[in-house]
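Per-entry structural report
Read off the chains here:
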Amino acid sequence: MNNSLAPTRQTSWSIWRSATWRQIGSDLAYILPGFFVSLASFTALVALFTLGLSTLIIWVGLPVLVACLATARWFADINRAALRRWAGEIPPVHYRNQHKYSVSGMFKNLADPQLWKDFIHGFLVTFPLRTATFCVAITVLAAALGGLTQWFWMGFLPEGNTPLAQLIGLDIYLGVSPETAESWLGLAYGAVLLLLLPFITHLLAVADAALTRTLLTNETAALRARSEELAASRAQVVSEEASTLRKIERDLHDGPQQRLIRMQMDVEAAQRRMATDPEAARELMDGALEQSREALAELRQLSRGIAPPLLADRGLRTAVESLASKSTLPVAVTGNLAPNVRITESAENAAYFVVSEALANVAKHAGANQAAITVNTSPTELLLEVKDDGGGGAHVGKGHGLAGLVDRLAGVDGSLEVVSPDGGPTFLRASIPLRN
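A short tour of the structure in this document, coming up.

With that settled, the discussion passes to the overall build of the chain. Each helix and strand counted, the chain has 15 helices and five strands in total. Across the chain, contacts joining residues at least 24 apart in sequence account for 69% of those joining residues at least 6 apart.

All right, on to the nonpolar core then. Soluble, globular proteins show a tendency: their nonpolar side chains are buried together. Within the largest apolar cluster, 36 residues are counted, with the highest numbers of intra-cluster contacts made by Leu316, Ile373, Val375, Leu382 and Ile432. Listed by contribution, the elements that provide at least two residues to this core are α13 (316–326), β1 (331–334), α14 (345–366), β2 (371–377), β3 (381–388), α15 (401–410) and β5 (426–433). In terms of residue count, the dominant contributor to this core is α14 (ten residues). By size, the runner-up hydrophobic cluster in this structure holds 18 residues, among which are Ile24, Ala82, Val140 and Ala144.

Residues in a regular strand project their side chains so that they alternate between the two faces of the sheet. Along β1, the buried face is formed by Val331 and Val333; none of Ala332 and Thr334, which line the opposite face, is buried. Taken together, β1, α14 and β2 constitute a β-α-β crossover, and its handedness is left-handed.

With the rule as written, the count across this model stands at six salt bridges. Arg80 is the salt-bridge partner of Asp118, the closest N and O atoms lying 3.9 Å from each other. Taken together, the residues span a long stretch of sequence, with Asp118 in helix α4 (residues 113–148) and Arg80 in helix α2 (residues 61–87) at a distance of 38 residues. Judged on exposure class, the residue Asp118 and its partner Arg80 are both buried. In this structure, the salt-bridge partner of Glu321 is Arg317, at a minimum N-O distance of 2.9 Å. Highlighted residues: Glu321 and Arg317, both in helix α13, separated by four residues, approximately one helical turn. Residue Glu321 is classed as partly exposed on the basis of its relative accessible area of 32%. Take Arg317: its relative accessible area is 11%, and that puts it in the buried class.

Let's shift gears to the sheet that holds β2. Whenever strands of a sheet pair, they do so through backbone hydrogen bonds, lying parallel or antiparallel. Taken in spatial order, the five strands line up as β1-β2-β3-β5-β4 in an open sheet, and their pairing is mixed. The open sheet has two edge strands with one neighbour each: β1 and β4 (415–419). Each strand of the sheet is rotated relative to its neighbour by a mean of 10 degrees, with strand direction disregarded. Inspection of the sheet shows β4 paired to β5 by five bridges, in the antiparallel sense. Each residue of the ladder has a partner; that of Leu416, found in β5, is Ala430. Packed onto the sheet, α13 meets β1, β2 and β3 and runs at close to 170 degrees relative to β1. Sheet strands touched by α14: β1, β2, β3 and β5. Its angle to β3, the strand with the most contacts, is close to 10 degrees.

Rules and cut-offs
Residues numbered from 1 in each chain as written. Predicted model: local features only at pLDDT ≥ 70, side-chain atom pairs only at ≥ 80, totals over all residues. Heavy atoms only, no water. Helix = DSSP H or I, 4+ residues; strand = E, 2+ residues; numbered from the N terminus. Contact = heavy atoms within 4.5 Å. Core = buried A, V, L, I, M, F, W, Y, C linked by side-chain atoms within 4.5 Å. Buried < 20%, exposed > 50% of the residue type's maximum accessible area, 1.4 Å probe, protein only. Right-handed = clockwise from strand over helix to strand, strands pointing away. Salt bridge = Lys/Arg side-chain N within 4 Å of Asp/Glu carboxyl O. Pairing = 2+ DSSP bridges. Axes fitted to C-alpha atoms, helices over the stretch in contact; angles between N-to-C directions.

Below you can see the structure in the form of C-alpha cells.
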C-alpha cells in the first residue's frame, strides 16, 4: 500500500516545465476548495454541538449529538475523497458498527473514537489551518502575478500615489524614474515569488494532507477490525465444514452403507443358492442390483455437498455448466472464463458452492421461470453473477441459506451482494480475490 501523502507522480520544481504548473494546479485545487469545506463544516458542527450539548439534560440533545457526529463523518468523507484525488491511495479508516437508535444505542454510537476524530478535524483543527493556507496561497499567487504585471497596471493608479520604490529610495539608487524603479521592483519580487510558488503551494498541501491523514484515517484499527472479521469468518467456515462432515458421515452410515451391507448379504445368499435354487438366486441378485442403484443414487445426492470430480478435473466453467444443466429451470451460463481454464483451488471451490446454493434457492424459493449465470475473471478478481426472474425477497439474514455463503466467501476474503426487491428480479453478485 502506498501511504505517501504526496502525489504518486514525480514532484517537479522547475517553473519552466509544464509538469510544475500541473503540480501547482493540483495543489491549489486541493488547498482552495478545502477552505470552503472547512468553513461549512465548522459552521455546521458548531451549531449542532452547542445545541446538542445545551439540550442534553432534557435528552433532546442526544440525537442532536448523534446527528452532529454523523455530519462530521460526512464532511470527513468529503475530505478523504479530496485527499485521495490529490495523493492517490490513502490508508483505510475504521468505524464501529452502528447500533439502533434507542437511547442505549445512541450512547454506544457516540462512543466511536473515529467519529470524534472526525469531529475534531472538522470543528477545531482544519478551519484555522485552512484559513491560513488559503490566505497564504492566494496572497503568494496574487503577489507573483501582480508583481510581474505591475508595469502594465501601474499606469491606471490614481495620481499622487507614491510608489514603494520611491519610498525606499530605489529610484535614486538606480538612477531612474520612480515609475521605472517600481516596475523593476514588481518584476523582481514577482519573479522570486513565482519561482517559490511550487514550493509554497506544495508545502501547504502536504501540511493539510498530513493533518487529514492523521485524523481521518486509521490503518491500524482498520486492519485489526479486518483481522478479527476474517478470524471469525474462518472459524465459522471451519465449524460449518466440521458439521457438514459429521452430517455426511451420518448420512453415509444410515444410507449407502446399509444398502451396501444389504447388497453384500444378498450376493452371498445368492452364491449359496446358485446350485440348489437358481430361481431364488436370481431374485436375490436382482435385489442386490436394485440396492446398488439406490446406493449410487444416494451417493450422488451426498456428493452435491462436496466439490465434484468435474470441478477438480476440468475447472469452474465446466462445473458451473454441469450445475446449470441439472437445474429444474433453464439456466444460461456466460462470461469470459473459458472451459478448462484454472484458477486457484480455494476460489474455485468457493465459487462452485455459491452457484450451487444460489441455484438451489432459485429452484426452491424464487418461483422463477429462468436464471442466468455470469462468470468473469480478471487478473485479480473472480466475479460471479446469478440472476433470476422470480418474485424477489431474498436476503442474507441469519437462518437463511445465503448467510452461509457470506461466511464461506469471507473465508477467502470474498464478498456477497444481494439485490432482491419484492416482486423481483433477484441479483446475486459474489466477488472473490485471486492470488497467485
